[in-house]
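So the chains spell out like this:
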Amino acid sequence: MTEKDLHCDTILARSFSRNEQKRLGYGAFIASLLFVFTLCTIFKPYLSALPPIVELQLPVNAGLRMLRITETQKPQAYKSSNNATYGDSENLTIPTDQINITSNATTLQKLISSEDHVRSVFKNTGLPKSRLDSFNSTTNTTISKEQVITDGNKMEKTIKPICKKLARTEICELNGDVRIHGKSATVHAAIAFAFPANSTWHIKPYARKGGAAMDRVREWTVKLEQNADLSRCVRNHSVPAILFSLGGYSMNNFHDFTDIVIPLYTTARRFNGEVQFLVTNKNQPWINKFKEVLRSLSNHDLIYIDEEDETHCFTTVVVGLNRHPEYYKELTIDPSYSEYSMSDFRRFLRDAYSLRNAAVRPVTTRKNQQRRRRPRMLILARGRSRAFTNAGEIARAARRIGFKVAVAEASGDVASFAQIVNSCDVMLGVHGAGLTNMVFLPENAAVIQILPIGGFEWLAKTDFEEPSKGMDLRYLEYKIAAEESTLLRRYGRDHEIVRDSSAVGRRGWEMLSVYLVQQNVTVNINRFKPVLVKAFELLQMQSV
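Residues numbered from 1 in each chain as written. Predicted model: local features only at pLDDT ≥ 70, side-chain atom pairs only at ≥ 80, totals over all residues. Heavy atoms only, no water.

**Some words on the overall build of the protein chain**
Here is the rule we go by: Helix and strand assignments come from DSSP, with helices taken as H or I runs of at least 4 residues and strands as E runs of at least 2, each series counted from the N terminus. Classification of residues uses two cut-offs on accessible area relative to the type maximum, computed with a 1.4 Å probe and protein chains only: under 20% is buried, over 50% is exposed, and between them is partly exposed. Values of accessible area rely on a 1.4 Å probe in the Shrake-Rupley scheme; residue burial ignores everything except the protein chains shown.
What the protein chain contains, in helices and strands, is 19 helices and 19 strands. Relative to its full complement of 544 residues, the protein chain shows a buried share of 48%. As displayed, the protein chain offers around 27,800 Å² of accessible surface, 50% of which is attributable to carbon and sulfur atoms.

**Some details on the pairing of strand β11 (residues 241-245)**
For the record, the criterion: Each pair of strands is called paired provided DSSP finds at least two bridges between the two strands.
Among the five residues of β11, five are classified as buried, and the element is accordingly described as predominantly covered. Alternating positions in β11 separate into two faces, Ala241, Leu243 and Ser245 on one and Ile242 and Phe244 on the other, with burial throughout. Relative to strand β12 (residues 276-280), β11 runs parallel, the two sharing five bridges. Directly across from Ser245, in β12, lies its bridge partner Thr280.

**Considering the state of the cysteines**
Here is the rule we go by: Cysteine sulfur atoms are paired as a disulfide whenever they fall within 2.5 Å.
According to the stated counting rule, one finds two disulfides in the structure shown. Between the sulfur atoms of Cys233 and its disulfide mate Cys313 the distance is 1.9 Å. The sign of the -105 degrees torsion about the S-S bond sets the Cys233-Cys313 disulfide as left-handed. Taken together, the positions of Cys233 in the loop between β9 (220-226) and β10 (235-236) and Cys313 in strand β14 (residues 311-319) put the pair 80 residues apart, joining distant regions of the chain. Take the cysteines of the protein chain that form disulfides and number them in order along the sequence; they join up as 1-2, 3-4.

**Observations concerning a positive patch on the surface**
Put simply, the rule is: Residues form patches when they are more than 30% accessible in relative terms and have no salt bridge. Like charges link within 9 Å. Nonpolar side chains (Val, Leu, Ile, Met, Phe, Trp, Tyr) link within 5 Å. Salt bridge criterion: a side-chain nitrogen from Lys or Arg within 4 Å of a carboxyl oxygen from Asp or Glu. Just so you know, the count uses Lys and Arg for positive and Asp and Glu for negative, and it drops His and the chain ends. Positions of charges follow a simple convention, taking NZ of Lys, CZ of Arg, CG of Asp or CD of Glu.
Where like charges cluster on the molecular surface, the positive patch consists of Arg356, Arg361, Arg374, Arg396, Arg399, Arg400, Lys404 and Lys529. Note on placement: Arg361 falls in the loop between α10 (342-352) and β15 (376-380). Its relative accessible area of 46% is what places Arg361 among the partly exposed residues.

**Some words on the sheet that holds strand β19 (residues 474-479)**
The strands making up a sheet are joined through hydrogen bonds of the backbone, oriented either antiparallel or parallel. Applicable threshold: What counts as an axis is a line fitted to C-alpha atoms, over the stretch in contact for a helix, and the angles between N-to-C directions run from 0 to 180 degrees. The contact definition used throughout considers only heavy atoms, calling two residues in contact when any of these lie within 4.5 Å.
Strand order in the open sheet formed by five strands is β16-β15-β17-β18-β19, with parallel pairing between adjacent strands. Two strands close off the open sheet at either side, each with one partner strand: β16 (404-408) and β19. Ignoring strand direction, the axes of neighbouring strands in this sheet form an average angle of 20 degrees. Relative to β19, strand β18 (residues 446-451) runs parallel, the two being bridged by six bridges. Counterpart to Leu451 in the pairing with β19 is Lys479. Set on the sheet, helix α13 (residues 457-470) makes contact with β18 and β19; between it and β19 the angle comes to about 160 degrees. Across the sheet, helix α19 (residues 525-540) is in contact with β15, β17 (426-430), β18 and β19; its angle to β19 comes to roughly 175 degrees.

**A look at unusual backbone geometry**
Backbone geometry at Met251 places phi at a positive 80 degrees, although glycine is not the residue there. For Met251, the location among the structural elements is in the loop between β11 and α7 (253-268).

**Topic: the pattern of salt bridges**
For side chains of opposite charge, pairing can occur when their charged atoms come near one another. Enumeration according to the criterion identifies 18 salt bridges in this entry. Two residues, Lys479 and Glu457, come together in a salt bridge whose shortest N-O distance is 2.5 Å. Placement of the pair is Lys479 in strand β19 and Glu457 in helix α13, with a sequence separation of 22 residues. Judged by relative accessible area, Lys479 falls into the partly exposed class, the value being 46%. Taking relative accessible area as the criterion, Glu457 reaches 34% and is therefore assigned partly exposed. Across the pair Glu466 and Lys469 runs a salt bridge, and its minimum N-O distance is 3.2 Å. In this pair, Glu466 and Lys469 both sit in helix α13, three residues apart, roughly one turn of the helix. When salt bridges that share partners are traced, they join Arg168, Arg208, Asp259, Arg323 and Glu330 into one network.

**Remarks on α19**
Because an α-helix packs 3.6 residues into every turn, residues spaced three or four apart end up facing the same way. This is how the line gets drawn: Between the first and last residue of a helix there are one fewer steps than residues, each counted as 1.5 Å, and that sum is the expected span. It is the directions from the helix axis to the C-beta atoms whose arc is reported. The definition of a polar contact used here is a pair of N or O atoms within 3.5 Å, where within protein one atom must be able to donate a hydrogen and the other to accept one, and adjacent residues in sequence count solely through side-chain atom pairs.
The terminal C-alpha atoms of α19 lie 22 Å apart, and with 16 residues this matches the ideal 22 Å at 1.5 Å per residue to within 8%. Turning to α19, its buried residues are Ile525, Phe528, Val531, Leu532, Ala535, Phe536, Leu538 and Leu539. Down the axis of α19, the sector holding all buried residues measures 155 degrees, keeping them to one side. Residues Asn526 and Pro530 are exposed on α19 and point more than 90 degrees away from its buried face. Where α19 is buried, its residues meet β15, α11 (391-401), β17, β18 and β19. Residue Asn524 occupies the N-cap position of α19, its side-chain oxygen lying 3.2 Å from the main-chain nitrogen of Asn526.

In structure tokens, the structure reads:
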């Protein structure tokens, strides 16, 4: 210790007591902390503004390289870690100044490398080239909001795209100042954040892709414009809007549900009725057919947007409908992808159509095994092709086993037919759109699908067998022999149509359609009887 230090200590000792010296030291330490905190608070805005500026200076070509395919796997080719197979999902993530984004070279590298992964998927997939072309089609630039949170060396990323392309649908969700002009089929969204150029997305708001029927779906243009001078609002709306098409394959009962009703439910249900439906490709018969569904999902009258020359303004607009992400999934809702399930959807239908039976009632009870209810069977009749030629014989055989039997054909009056289906324990029909009415069956009911000749096994599994599992239904199947098809009498046993349906199918859908439009079914009762017995036994197992 120097002489000077000793001199200072002597002065402090004379001026302050030992306790007072300690208090003075503590006060100086606290004052230093307050000074540092004040400096950080004052200069923080200037320090945090730098990373977004750096990222917004990215060149256009670097931004375009950030194209991400978030769901790249193909059906039957690649599976995710949870064993779910997904179709394409495309969106372009561009950082914006509306949210805080931490600049990080690793994040950008991950986004760029995902493009290389997509190329490897397309290169190695076993899908036909025509299918690949439809998946790998060029899409317009889209904008999505990205939020990055850092904690030491950890980084978590949440991306919510504005527009996205999935295997079977395209959908845009726009928030802010959104203006719709029906006659020009244009949706304008004014956005405040910066991006390389005005972004345009062409979308057909129908939850299916491919096929000639898509020509009956009007194409809409979604434009995201920064600081744009948009058309003047004529009609302002206080609720969100959903814009969807009633073209495509509508009025086919199967496509009505898998392409429109179920996607509309998963898209609109979260709004609890406070949503405005904007219908493109007006289809009044469809609206009449499903009026109960529309009323249950929206408290507002439909707007047929195509002929509207006035500009409608909203703060939230969804263009297109959500759908299961996997390409070969029909009549299905994936709870891991949606906040709803098929059980939720079937509960919604029961409410919309006032259906009484949530589940199959017991055939017998433990208290009184002799008191037995005769389960009800519905045989689906068809007026044209794939009809039963001996529905009466099938009904008599079912009655002998113990069923009450009704024979009915589905009609455009969905409400009344839903009541019939919901009152039954078993529904039986030849492969076709009529089997879609199984959505109205009570839980634990049985579905019996009759497969005509023609190689329908894959369609039968995709369209009805797999969906029945998500509906908590029992599934049975009966594949007819050539002798049970009317095609045998028309063409003869040695004709290729009867003998080798796979060879016929390889020549295209037009040739394969002979099995759909020219064939009826005469069930061999003796051969079919074990299936009826199995259905009855399944219902017996439900007894409590």
